[in-house]
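Below, each chain spelled out in residue letters.
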Amino acid sequence: MCGVVIETRGEQILSIKGDKDDPHSEGHICPKGYALQDLHNDPDRLRTPLEKVNGEWLPIDWDSALDKVAAKLVDIQRRHGNDSIAGYWGNPSSHNLGLMMASGTLRKAIGTRNISSAASLDQMPHQLVSYLMFGHSQLFTIPDIDRTQYMLMLGANPAASNGSLMTAGDILKRLERISERGGKVVLVDPRRTESARYVDEHLFIRPGTDAFFLLGLIRHVLDQGLVKPGRLRDLADEWDALAPLFDGISLEQVSARCGIAVPDIKRIAEDFANAECAVCYGRMGVSTQSYGALNHWLMLVLNILTGNLDSPGGMMFTTPAFNKAQSRPMGSFNTYQSRVRGLPEFDSYFPAVTLAEEMLTPGEGQVRGFVCVAGNPVLSTPNGRQMDEALEQLEFMVSIDFYLNETSRHADIILPPTGPLEHEQYDIVFNMLAVRNLARFSDPVFEAPEGTRCDWDIVQGLTARIMALKNPDAPPPRAMPRPEQILDHGLQTGPYAEGFYEYNSGEPVKHDEPLSLEVLKRYPHGLDLGPMRESFPGYLFTADKKLHLTPPELVDDLGRALAELRGAENGELMLIGRRDLRTNNSWMHNSKRLVKGKDRCGMLVHPADAERLGLADGKPARIASRAGELLVRVEVSDEVMPGVVCLPHGWGHDREGVSLRVAQTNPGVNVNDITDDQVVDPLSGNAVLNGIPVSVVAA
Ligand SMILES: Nc1nc2c(c(=O)[nH]1)N[C@H]1C(S)=C(S)[C@@H](COP(=O)(O)OP(=O)(O)OC[C@H]3O[C@@H](n4cnc5c(=O)[nH]c(N)nc54)[C@H](O)[C@@H]3O)O[C@H]1N2
Ligand SMILES: Nc1nc2c(c(=O)[nH]1)N[C@H]1C(S)=C(S)[C@@H](COP(=O)(O)OP(=O)(O)OC[C@H]3O[C@@H](n4cnc5c(=O)[nH]c(N)nc54)[C@H](O)[C@@H]3O)O[C@H]1N2
Ligand SMILES: [Mo]
């Protein structure tokens, strides 16, 4: 989403720079932007399909590869039913226009219930809350950081992540501007992260206890009579039912749980409620824990009670130029359950933690074939060793991926798409998640080399073949429009169809013509369509068009938290994760530029714990959970709080059969070999990747 200028000569990249003329990112770029050239030039990046024949990878032509994949999938489904094929859509699917637009039809053609995506390792609890409260699973609340005067940030590290569900060019400058205009930013995280340098105050919190902290804040806001919902009062239902839910919560109990002192809880609650405008925002750290969904509801309750939802400087919604999703109600929850563990469906997806067990558990409906699209579940889902085992014993697997990595090595056929500089791009998802309304179209930098195919063509080719096999008598389907045509149609029928205001130079300039792809292309540096706007009641998609304050599922789950609040303490060591500016989940470690320098896989441990456990800086230790154990290098640091250890994810490239020459020289360890597929947010089924009980001994 940051504008980049790529200078080329022929097939060569001469330089990559931040685009100073991009009205949003204003020249900002992160190391991954520069590393696009390594990705483009990487000799390990696959360009032709591969087939595993007697354990050996051989090139195969596109048509034979696609024919074989379709035939295999359909054959398995004929013998074992539709659900015997599983699919997984990884994170880059949301970053890729062609994949975004082609995926739905492939899913429909396969017709299985066993579909998962990276969302349930990430923000699914956020979406579930949107579904339960606004009646729409694709409505994301985005903090209006350019106008807020008080930001309470839980479990997010924008200095590493660049801002998540808060897409912004140069997020750190925007954070600093809050203090510059007299506002305040408070960060709550079990680690004093890189982001702590950019905020006014950092507080440690015990992993997995944010729900209690939020309950404390809400309790104090209610006690002090600081409730001022403003126009939300008329938009929401059940006001009278809300406050009593928080009866009988003592701040002392809350504080004992979360480790934040009572006076701090009171002060933050008062400052938040009294600020001219304020926003409580939480990300991975609060989403991927056992109270993931509850946290997102409680954060919204705090925002709502203080009048900070759908209001400038609070939590808001975007009005994306391509806005297919947000024009009608959307979503479903728990209308059916997974076969083995009975976890709920959300939006017709099962949580990713169901994948391995559905493959490994025999019986009617067992998964025997797998389609993996732009994902690396061996490194990204909990219990990676089990995932290895599950994939290895399948009857058939295909990966749509340009690397032979920890996951695709299990495939029978790999279908590699063109790289990011070889196809067009429009960020459908990330424009929806941005802190302003933005649109930008990028032409491919390079023409796709002869004999290569983009994701769109691969997925379309596969879909057409599956449909033809399943319905041999049906007339051949009409040719699908290209991604550009779908995009153009979406823009012309979207919220700017009657014209738009352009903010590229800061001040709004009115344009009466409808926004179309042709118009957008006149803004190669991107088009700023202005700040987020008030969107209620338009964005209330519930049957009664009300904001649902007390969804029964969340009220039930509150009971779970209240029971724990009053229960006994446990003194276990808790594992949390971290990201690094020079990583991108599991797959950019084959760039020397990004992985050079010191090893980034050390396990952070507090000096007091190190002493207690006999751990020495730089020395090896064994960390174990129910799922497995790892040998790690100890890094003693008071950056983490006592009782907490911290490891990054996305590493562990030493598995056999991987073809990533740079990554293999510095493989790191896969933290997901010790995260636990059996520990989930019981309400949503989302993975728990933070706050995992572990034991550590010197090795
Ligand atoms: N312990 C722990 N685990 C985590 C997390 C954590 O914080 N801690 N974070 C979680 C989160 S938030 C996420 S989003 C997931 C990500 O999990 P995944 O989506 O499963 O994994 P990625 O590492 O993003 O892998 C992306 C794969 O797509 C390929 N790829 C890249 N670009 C393209 C493309 O344009 N087309 C195609 N076809 N393939 C492409 C890459 O080669 C790579 O194999 O990991 C999750 N796992
Ligand atoms: N450089 C880089 N950027 C990325 C990615 C990457 O891999 N590398 N991945 C991208 C993706 S897919 C995503 S989803 C985003 C994620 O973006 P963020 O959520 O902003 O990034 P994380 O680093 O996962 O931050 C989570 C924070 O939660 C803290 N935490 C852990 N447990 C708890 C807890 O119980 N309570 C609280 N309050 N905090 C806790 C962790 O210490 C960590 O600092 O980043 C995106 N950007
Ligand atoms: Mo993510």
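Residues numbered from 1 in each chain as written. Chains lettered and ligands numbered in written order. Predicted model: local features only at pLDDT ≥ 70, side-chain atom pairs only at ≥ 80, totals over all residues. Heavy atoms only, no water.

Peer 1: Before we go on, may I ask you to explain the overall build of the protein chain in this structure?
Peer 2: When helices and strands are counted, the protein chain shows 25 helices and 29 strands. In terms of overall dimensions, the protein chain has a C-alpha envelope of 70 × 70 × 50 Å along the principal axes. For the protein chain, the residues scored as buried account for 61% of the 699 residues in total. By sequence separation, contacts in the protein chain at least 24 residues apart represent 75% of the contacts at least 6 residues apart. For the protein chain, the accessible surface area stands at approximately 26100 Å², while carbon and sulfur atoms represent 50% of it. In the protein chain, 69 positive and 92 negative side-chain charges are present, and the distance between their average locations comes to 2 Å. (Helix = DSSP H or I, 4+ residues; strand = E, 2+ residues; numbered from the N terminus. Buried < 20%, exposed > 50% of the residue type's maximum accessible area, 1.4 Å probe, protein only. Contact = heavy atoms within 4.5 Å. Areas by Shrake-Rupley, 256 points an atom, 1.4 Å probe, with all protein chains shown as cover. Lys, Arg positive; Asp, Glu negative; His and termini not counted. Charge placed at Lys NZ, Arg CZ, Asp CG, Glu CD.)

Peer 1: Sorry if this is basic, but what is going on with the sheet that holds strand β8 (residues 150-154) here?
Peer 2: The strands that make up a sheet pair up through hydrogen bonds in the backbone, lying either parallel or antiparallel. Strands sit in the order β10-β9-β8-β11 across an open sheet of four strands; the sheet is parallel. Strands at the two margins of the open sheet, each flanked by one partner only, are β10 (201-203) and β11 (279-282). This sheet shows a mean twist of 15° between the axes of neighbouring strands, independent of strand direction. Of the pairings in the sheet, the one linking β8 to strand β9 (residues 184-188) comprises five bridges and is parallel in character. If you follow Met153 over to β9, its bridge partner there is Leu187. Most of the contacts of helix α8 (residues 210-223) go to β8, to which it runs at about 150°, and overall it touches β8, β9 and β11. Sheet contacts for helix α12 (residues 262-274): β8, β9, β10 and β11; angle to β8, the most-contacted strand, approximately 135°. (Pairing = 2+ DSSP bridges. Axes fitted to C-alpha atoms, helices over the stretch in contact; angles between N-to-C directions.)

Peer 1: Mind showing me how you'd approach the pairing of strand β23 (residues 527-531) here?
Peer 2: Regular strands place their side chains on alternate faces of the sheet. Summarising burial for β23: four of the five residues are buried, a large majority. Judged from the three bridges that link them, strand β19 (residues 436-439) and β23 form a sheet pairing that is antiparallel. Following the sheet pairing, Leu438 is matched in β23 by Asp528.

Peer 1: Can you walk me through the site of ligand 2 in this structure?
Peer 2: Taken together, 30 residues form the shell around ligand 2, and within it Asp189, Asp210, Asp580, Thr583 and Asn585 come nearest. The contact in question runs from a nitrogen atom of ligand 2 to an N or O atom on the side chain of Lys32, over 3.1 Å. Residue Met284 places a main-chain N or O atom 3.1 Å away from an oxygen atom belonging to ligand 2. Against a free-state accessible area of 920 Å², the protein chains account for coverage of 94% of ligand 2. Sorting the residues of the shell around ligand 2 by element identifies α6 (158-161), α13 (284-287) and β24 (573-578) as the ones contributing at least two each. Class assignment for the residues of the shell around ligand 2 results in nine nonpolar, 14 polar and seven charged. Split by domain, the shell around ligand 2 shows at least three residues from each of two domains, domain 2 (124-320 + 542-562) and domain 4 (570-698). (Near = heavy atom within 4 Å. Polar contact = N/O pair within 3.5 Å; in protein donor to acceptor, adjacent residues only side chain to side chain. Nonpolar A, V, L, I, M, F, W, Y, C, P; charged D, E, K, R; others polar. Domains from an automatic or database assignment.)

Peer 1: What exactly am I supposed to notice about the packing of helix α4 (residues 97-110) against helix α20 (residues 483-492) here?
Peer 2: When two helices pack together, their arrangement is captured by the angle between the axes and the distance separating the axes. Where α4 meets α20, the axes come as close as 10 Å, and the angle between the chain directions of the two elements is 85°. Taken together, α4 and α20 sit at an angle that is classed as roughly perpendicular. Taking contact as the criterion, the partners of Leu97, Gly98 and Met101 in α4 are, on α20, Pro483, Ile486 and Leu487. Counted by class, the contact of α4 with α20 contains five nonpolar, one polar and no charged residues. (Parallel < 35°, antiparallel > 145°, perpendicular 65-115°, else oblique.)

Peer 1: Hey, could you run me through the site of ligand 1 in this one?
Peer 2: Around ligand 1, 29 residues are found, and the nearest of them are Tyr88, Asn91, Ser380, Asp401 and Ser586. In the model, an oxygen atom of ligand 1 is placed 3.1 Å from a nitrogen or oxygen of the Asn96 side chain. Bound to the protein, ligand 1 loses 97% of the 920 Å² it would expose on its own. Taken together, the residues that form the shell around ligand 1 break down as 14 nonpolar, 11 polar and four charged. Shared between two domains, the shell around ligand 1 takes at least three residues from each, and those domains are domain 1 (50-121 + 339-422 + 448-470) and domain 4 (570-698).

Peer 1: Looking at this model, I keep getting lost on the domain arrangement of the protein chain. Mind explaining?
Peer 2: Accessible area lost when the parts come together is the quantity often used to give the size of an interface. As far as domains go, the protein chain holds domain 1 (50-121 + 339-422 + 448-470), domain 2 (124-320 + 542-562), domain 3 (483-531) and domain 4 (570-698). Distance between the C-alpha centres of domain 2 and domain 3: 32 Å.

Peer 1: Before we go on, may I ask you to explain the state of the cysteines in this structure?
Peer 2: Chemically, a disulfide is nothing more than a covalent bond linking the sulfur atoms of two cysteines. For the coordinates displayed, the defined rule picks out zero disulfides. Cys30 takes part in no disulfide bond, and the closest cysteine sulfur to it belongs to Cys2, at a distance of 6.7 Å. (Disulfide = S-S within 2.5 Å.)

Peer 1: Help me out: how do you make sense of the sheet that holds strand β4 (residues 56-59) in this one?
Peer 2: With respect to topology, seven strands assemble into an open sheet ordered β4-β3-β17-β16-β15-β5-β6, the strand pairing being mixed. In this open sheet, the two strands that pair with only one neighbour each are β4 and β6 (115-117). Across the sheet, the mean angle separating the axes of adjacent strands is 15° when strand polarity is ignored. Along the sheet, helix α3 (residues 62-80) makes contact with β3 (50-53), β5 (85-89), β15 (369-373), β16 (396-400) and β17 (413-415), crossing β17 at roughly 125°.

Peer 1: Can you walk me through the UniProt feature "domain: 4Fe-4S Mo/W bis-MGD-type" (unreviewed entry) in the protein chain in this structure?
Peer 2: Residues annotated in UniProt with the feature "domain: 4Fe-4S Mo/W bis-MGD-type" (unreviewed entry) correspond here to residues 1-44. Helix makes up 23% of residues 1-44 and strand 30%, whereas the separation of the span's terminal C-alpha atoms amounts to 26 Å. (UniProt positions renumbered as here; feature names shortened; annotations may be inferred.)

Peer 1: What exactly am I supposed to notice about the packing of aromatic side chains here?
Peer 2: Two aromatic rings are characterised by how far apart their centres lie and by the angle between their planes. For the structure shown, the criterion picks out 13 aromatic pairs. Ring geometry for Phe333 versus Phe346: centroids 6.4 Å apart, planes at 70°, classification edge-to-face. Taken together, the positions of Phe333 in strand β13 (residues 333-337) and Phe346 in strand β14 (residues 344-346) put the pair 13 residues apart, joining distant regions of the chain. The residues Phe333 and Phe346 share a single accessibility class, namely buried. (Phe/Tyr/Trp six-rings, centres within 6.5 Å; stacked < 30°, edge-to-face > 60°.)

Peer 1: I'm lost on the nonpolar core in this one. Help?
Peer 2: Formed by 98 residues in total, the largest nonpolar core has its most connected members in Leu152, Phe213, Phe246 and Trp297. At 10 residues, the largest contribution of residues to this core is made by helix α14 (residues 292-305). Other than its neighbours up to four places away in sequence, Trp297 contacts Val129, Met133, Leu242, Leu245, Phe246, Leu549, Thr550, Pro551, Leu554, Val555 and Leu558. Core analysis: the next-biggest nonpolar cluster, separate from the first, contains 51 residues, Ala102, Ala321, Val398 and Cys454 among them. (Core = buried A, V, L, I, M, F, W, Y, C linked by side-chain atoms within 4.5 Å.)

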